[in-house]
Amino acid sequence: MAAQEPPRPPPGAAEPAEPEPGGRYEAVVPHWFYCKVTDTRERWVPFSAQDSERLEEAHGAASVPAGKAQDDVVVPTSGGRYDVHLRARRRVAVYWEEEATEVRRCTWFYKGDKDNKFIPYSESFSEELEEAYMIAVTLGEWKKKLESPNREVIILHNPKLMVHYHPVASSDDWVSTPTEQGRPRTVKRGVENIAVEIPNGEPLQIDHLVFVVHGIGPACDIRFRSIVQCVNDFRNVSLSMLQAHFKKAQEQQQVGRVEFLPVNWHSSLHSTGVDVDLERITLPSINRLRHFINDTILDVFFYNSSTYCQTIVDTVASEMNRLHQLFLQRNPQFKGGVSIAGHSLGSLILFDLLTNQKADPEEDEHCAQVSRTTSSMGGIEEVKEILKKLELPEYCDAFEKEKMDRQALFLCTEKNLKEMGIPLGPRMKILHYISSKRETKDQSSAAPGHSERGAEPGSLSQHGDSSEDVRNCQYRDVGLGQVSANYPQLNYKPSIFFAFGSPIGMFLTVRGVKRIDPNYSLPTCKGFFNIFHPFDPVAYRIEPMIVPELEFEPMLLPHHKGRKRMHLELKEGLTRMSVDLKNNLLGSLRVAWQSFTRAPVPALEAGSTEAEAETEAGTEKQPDTKPEEPPAAVKEETPPINVGRLNGGNRIDYVLQEKPIESFNEYLFALQGHLCYWESEDTVLLVLKEIYQTQGITLDQPLPGSQ
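The rules behind the values
Residues numbered from 1 in each chain as written. Predicted model: local features only at pLDDT ≥ 70, side-chain atom pairs only at ≥ 80, totals over all residues. Heavy atoms only, no water. Pairing = 2+ DSSP bridges. Helix = DSSP H or I, 4+ residues; strand = E, 2+ residues; numbered from the N terminus. Patch = residues over 30% accessible without salt bridge, like charges linked within 9 Å, V, L, I, M, F, W, Y side chains within 5 Å. Areas by Shrake-Rupley, 256 points an atom, 1.4 Å probe, with all protein chains shown as cover. Salt bridge = Lys/Arg side-chain N within 4 Å of Asp/Glu carboxyl O. Buried < 20%, exposed > 50% of the residue type's maximum accessible area, 1.4 Å probe, protein only. Expected span 1.5 Å × (residues − 1). Arc of directions from axis to C-beta. Contact = heavy atoms within 4.5 Å. Axes fitted to C-alpha atoms, helices over the stretch in contact; angles between N-to-C directions.

(A) Focus on the pairing of strand β10 (residues 153–158). In this sheet, β10 lies alongside strand β9 (residues 144–147) in antiparallel orientation, the contact comprising four bridges. Among the inter-strand pairings, Leu146 is bridged to a residue of β10, identified as Ile154. Pairing of β10 with strand β11 (residues 161–165) involves five bridges; the strand directions are antiparallel. For Ile154, the partnering residue across the bridge sits in β11 and is His164. Adjacent in sequence and paired antiparallel, β10 and β11 are bridged by two residues.

(B) Expanded view of a nonpolar patch on the surface. Residues Phe224, Ile286, Leu289, Phe292, Ile293, Ile297 and Phe301 make up a contiguous nonpolar surface patch of about 710 Å² in total accessible area. The residue Ile293 is located in helix α7 (residues 287–303) in this model. Relative accessible area serves as the criterion here: at 32%, Ile293 is assigned to the partly exposed category.

(C) Summary view of helix α1 (residues 49–62). End to end, α1 covers 20 Å across 14 residues, agreeing with the expected 20 Å (1.5 Å per residue, within 8%). Of the residues making up α1, those classed as buried are Asp51, Ser52, Leu55, Ala58 and His59. Seen along its axis, α1 keeps its buried residues to an arc of 125°; they face one direction. The exposed residues of α1 that point more than 90 degrees off its buried face are Glu53, Glu57 and Ala61. Structurally, α1 contributes buried residues whose contacts are with β1 (31–38), β3 (74–77), β4 (82–85) and β6 (101–106).

(D) Just the sheet that holds strand β12 (residues 185–189), in detail. Strands sit in the order β8-β7-β12-β11-β10-β9 across an open sheet of six strands; the sheet is antiparallel. Two strands lie at the open edges of the sheet, namely β8 (118–120) and β9, each paired on one side alone. Taken pair by pair, the neighbouring strands of this sheet meet at an average axis angle of 30°, ignoring direction. Relative to β8, strand β7 (residues 108–111) runs antiparallel, the two sharing three bridges. Within β8, the position partnered with Lys111 by the bridge is Phe118. Helix-sheet contacts for helix α2 (residues 123–139) involve β7, β9, β10, β11 and β12, and the interaxial angle to β9 is about 170°.

Quick look at the structure:
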């Protein structure tokens, strides 16, 4: 047989474990790899340099006491998001569900068939290869042949030429020699001899935590990748942006990194059995399209169903609370803040959750101080004014005794008034006043996140004295047009809410919210950024709902390299040039027409003619100076606009700059525009800039056009 032809050198049992002193042999330096399976294809990925060193140290420590069963050693890797169980050689995800993958301590590699990437041998066979190599180097005896467990032959010709032969499956019984078994493959010893990029690793210091909630469907980008893979890309881009724009702060050890963790709700929703019910009623035609709609588009309708909306908000809130608690357990030294980000429908879910949060005790205490000075004093005074309007001033003492302010008055029922000793006639007057005010408020515009049923105390429209109700930070079960659900509470107070490609504005409008009160802010989150691509078909603006009387452009996100994209600068230059040409042409035509239609003048009026000529010359020169100013749509710097308290008085809407190829056809790149945020350096840089601004850390060099 061919597998028996190559003579095998005596393995370690026949040779000493250590070479003779003075030999040229140097032990190979191992590096740890893990197997990544994508589309049924295996790919071996190296751990970062610091993770591999940590694994090697743990491996050495675990193998010291021989002959004794060791407990499984767990080593956190990849920034703490994966644990490696050394005894089982398995890599397990910490924060999300993922199939465990194999881990190897690698020293020897061979080139694969398809993609020419090096594949590590098994640890046991690598030890055999290393032992044969040690003997060959020490004794100077090469041309060694070894047979792998898969009946493959490896020949060590010399230290720089080692080849690997795969057995060829044949239908006959003729046997070929190993050198005739197809094209030989290269064998390499040590990770430093193969073409593989080994990352340095992530900073150990975590400054901020961001939870990222996905939109509709299980896939989050144009390559149909999961939320975990997309957030991995977002995290990798953030690390490169930190190195490029926060270098000074990194050198001073003020900046570590921001951790991004994905939040998955789609699998929980579709594990309720609804897919089976949908499959039962789905038509058999165009099967793939119908399956895509059931698995993706219908998530929007599920969220607008009270039954499944409750499932979704419960899943999102409980998952974020679980991840937060687990993160704190694994990072007890973490002192940073927490922010949240949502893509597409995920941003709407987070917005509805945030509008229904209760303020934390500190905020309640602050609000209580405000309400004690305004509500308990001004509120009771307002009740007295209301009673005077109703010609019932004699009952002011009764309401004051019960400490009844304006808000409490609108929560009163007939039973409450009867218990206070108010007679039937005055009771009817008061109840009629309350109901009429509620109807008025229901018809007026209201801010999101407050109750339709109690529109008067929770309304955030521009009418009356609703600003006092905003400061009271009241919790409401149902927003205007919002699906009736019991919105859970988060265990933390988010610093900033980032919305990517968000339909929040559209949903609020469909729910009946015509405008948002400028005094309104999210109860527990003071920062809100609405980031979108100009061609994103799902994205809508927020600022026009706060300031509907003004027309203004969203903030243009500066390019991460500190300038506008070249095609945008060219477009602005051409726009400016066309305006100049238009004005010059109109000015020339005006002068020509005036000279053509001018009546002949006597010589005595030469003085006045010269004055007219000067005036005409002035009008002719005027177009030359006026076009120096770019049109309003092209101006980068806009006057400050008050967009309310939703983002602490700062701008909310931010638009990305389209790429040059995208500007050729906006319809062609519409879908890509909705899925581009995960790898967008400009988006990531804005997120990092705003997060670190809360810690008093700024960019090395401020970008032009940034706030």
